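# Secondary and tertiary structure notes
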Amino acid sequence: MRTPRIIAVLLSTMLAATTVATAAATPSHHGHDHGHHHADPSLLTTGLSGGAGSTVGPDGALYVTEPVSGEVSRIDRRTGAASTFVSGLPVQQAGTPGGALDVAFRGRTAYVLVSLADPQVSGLYRVGRDGVARPVADIGAWSIAHPPKTDFFVPSGLQYAMEPYRRGFLVTDGHHNRVLYVTPDGSITQVRAFGNVVPTGLETIGRTVLVAQAGPVPHLPRDGRVVAFTPWRHGVHEVASGGRLLVDVERGRGGLYALAQGHFTPGNPEGSPADPDTGQVMKAGRHGVLRAVATGLDRPTSFEIVGRTAYVVTLDGEVWKVPLPHGHHGR
């Protein structure tokens, strides 16, 4: 449902805020369309073992999960130099979109979200002072014991992204169509269930949670939405829409941004990525319409925003810098 007052309040709040956000996207062509500013992305880092979730750490560096190798890399945002932060996580199983899918910090302690890791734990891992990541919450087992009401064929679900919230983390499950609350002591509860909308990336503004939704196959623009809700309260409100296969949402200087993985070819299997080089960084206008500010990105998975720069992670293990528009471009 669209609620103009909710949109106005959220967007005006974001217009006044400076931001840190979440990352992923890649470029091959850029230009100007319908009078809107399109940025030229530049390559920051390449050679990662796949790319999925990301975060800005307490040291200001970018941290990116590498599902293929079961690692998290630390990336210097100025030079692009990458170093291994943690290794030994469950690796991605062939033919699946799982593995180490997101990373976040509580204080100076890092946590990693791992999905489809059978026979290892699919869930929340904490990185100890010794650099070893150990499971603290088995989300896969909980999901099997608490199946969703929507249709599914993977009993353990597909946990996609996480965001610190209160004393734990909010976690999206794009297959089971819900948001969970997971604490480092292993407690897991469901805070929001959806229909077949495929929730992906997360952002928080105070107590309000923003969720990107990819929508069902074939991920049409009208199904690519950003919605807002407050955990443990009734009501979900649409904030923005119009992106193809949305995978992340972040607030930045001047407004709200979303990451669209791009055009999905009908007939491809459910869970497949978008077509190469069709991804976009998008900005929400006053009335909640998403418009591209950077195009030609190659299957982005997440992004982070620092100042006026978006750091976009791609499926094939690259990180791109995307300058964001000044003033009112894209609104």
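Rules used throughout
- Residues numbered from 1 in each chain as written.
- Predicted model: local features only at pLDDT ≥ 70, side-chain atom pairs only at ≥ 80, totals over all residues.
- Heavy atoms only, no water.
- 1 Å grid on protein atoms, 1.4 Å probe; cavity = no way out; pocket = protein on both sides within 12 Å on 5 of 7 lines; lining within 4 Å.
- Points joined across faces, edges and corners; volume = space filled by probe spheres on them.
- Helix = DSSP H or I, 4+ residues; strand = E, 2+ residues; numbered from the N terminus.
- Nonpolar A, V, L, I, M, F, W, Y, C, P; charged D, E, K, R; others polar.
- Pairing = 2+ DSSP bridges.
- Axes fitted to C-alpha atoms, helices over the stretch in contact; angles between N-to-C directions.
- Buried < 20%, exposed > 50% of the residue type's maximum accessible area, 1.4 Å probe, protein only.
- Contact = heavy atoms within 4.5 Å.
- Polar contact = N/O pair within 3.5 Å; in protein donor to acceptor, adjacent residues only side chain to side chain.
- Phe/Tyr/Trp six-rings, centres within 6.5 Å; stacked < 30°, edge-to-face > 60°.
- pLDDT = per-residue confidence, 0-100.

## Considerations on the layout of surface pockets
A probe as big as a water molecule, rolled over the atoms, marks out the empty space that is left. If you add up the space inside the largest pocket, you get close to 1,000 Å³. Around the largest pocket, the lining comprises 46 residues; the ones closest to its centre are Pro 97, Leu 158, Tyr 160, Gly 271 and Ser 272. Listing elements by their share of the lining of the largest pocket, those giving two or more residues are strand S6 (99-106), strand S10 (159-165), strand S14 (199-205), strand S18 (246-252) and strand S22 (300-306). For the lining of the largest pocket, the residue count by class is 23 nonpolar, 19 polar and 4 charged.

## Some details on the sheet that holds S14
Taken together, the 4 strands give an open sheet; going across it, the order is S14-S15-S16-S17, and neighbouring strands pair in antiparallel fashion. Edge positions in the sheet fall to S14 and strand S17 (237-241), since each of these pairs with one other strand and no more. Each strand of the sheet is rotated relative to its neighbour by a mean of 25 degrees, with strand direction disregarded. Where S14 meets strand S15 (residues 208-213), 5 bridges bridge the pair, whose relative direction is antiparallel. Its bridge partner lying in S15, Pro 199 is registered against Gln 213.

## What about the pairing of S17?
Within S17, 4 of the 5 residues are buried, which leaves it mostly tucked inside the rest of the structure. With 4 bridges connecting them, strand S16 (residues 225-229) and S17 associate as antiparallel partners. For Ala 228, the partnering residue across the bridge sits in S17 and is His 237.

## Quick word on the environment of His 219
Positionally, His 219 belongs in the loop between S15 and S16. Along the backbone, His 219 and Ala 274 are 55 residues apart, and their C-alpha atoms lie at a distance of 9.1 Å. Apart from residues lying up to four places away in sequence, His 219 is in contact with Ala 214, Arg 244, Leu 245 and Phe 264. Engagement of the side chain of His 219 in a polar contact is seen with the backbone oxygen of Ala 214, the distance being 3.3 Å. Of the polar contacts made by the side chain of His 219, one reaches the backbone oxygen of Gly 215; its length is 2.6 Å.

## Details of the sheet that holds strand S21 (residues 290-297)
Here 4 strands make up an open sheet; going across it, the order is S18-S19-S20-S21 and the pairing antiparallel. Each having just a single partner strand, S18 and S21 make up the two edges of the open sheet. Direction aside, the axes of adjacent strands within the sheet are offset by 20 degrees on average. With 4 bridges connecting them, strand S19 (residues 255-260) and strand S20 (residues 279-284) associate as antiparallel partners. Bridged to Tyr 257 within S20 is Lys 283.

## Points about the packing of aromatic side chains
The final tally for this structure, using the stated rule, is 6 aromatic pairs. Plain terms: the ring middles of Tyr 63 and Phe 85 are 5.0 Å apart, the flat faces sit at 75 degrees to each other, and that makes the pair edge-to-face. Here Phe 85 lies in strand S5 (residues 82-86) and Tyr 63 lies in strand S3 (residues 62-66), a separation of 22 residues in the sequence. Consider the rings of Phe 194 and Phe 229, whose centres lie 6.4 Å apart with planes at 70 degrees: the pair is edge-to-face.

## Brief notes about the confidence of the model for the protein
With 87% of its residues at a pLDDT of at least 70, the protein reaches an overall mean of 89. Below pLDDT 50 for its whole length, residues 1-35 participates in 125 contacts with residues either more than four positions away or in separate chains.

## What to know about the side chain of Ser 54
Examined against the element boundaries, Ser 54 turns out to sit in strand S2 (residues 54-56). The exposure class of Ser 54 is buried, given its relative accessible area of 2%. For Ser 54, the side chain forms a polar contact with the side chain of Glu 304, separated by 3.2 Å.

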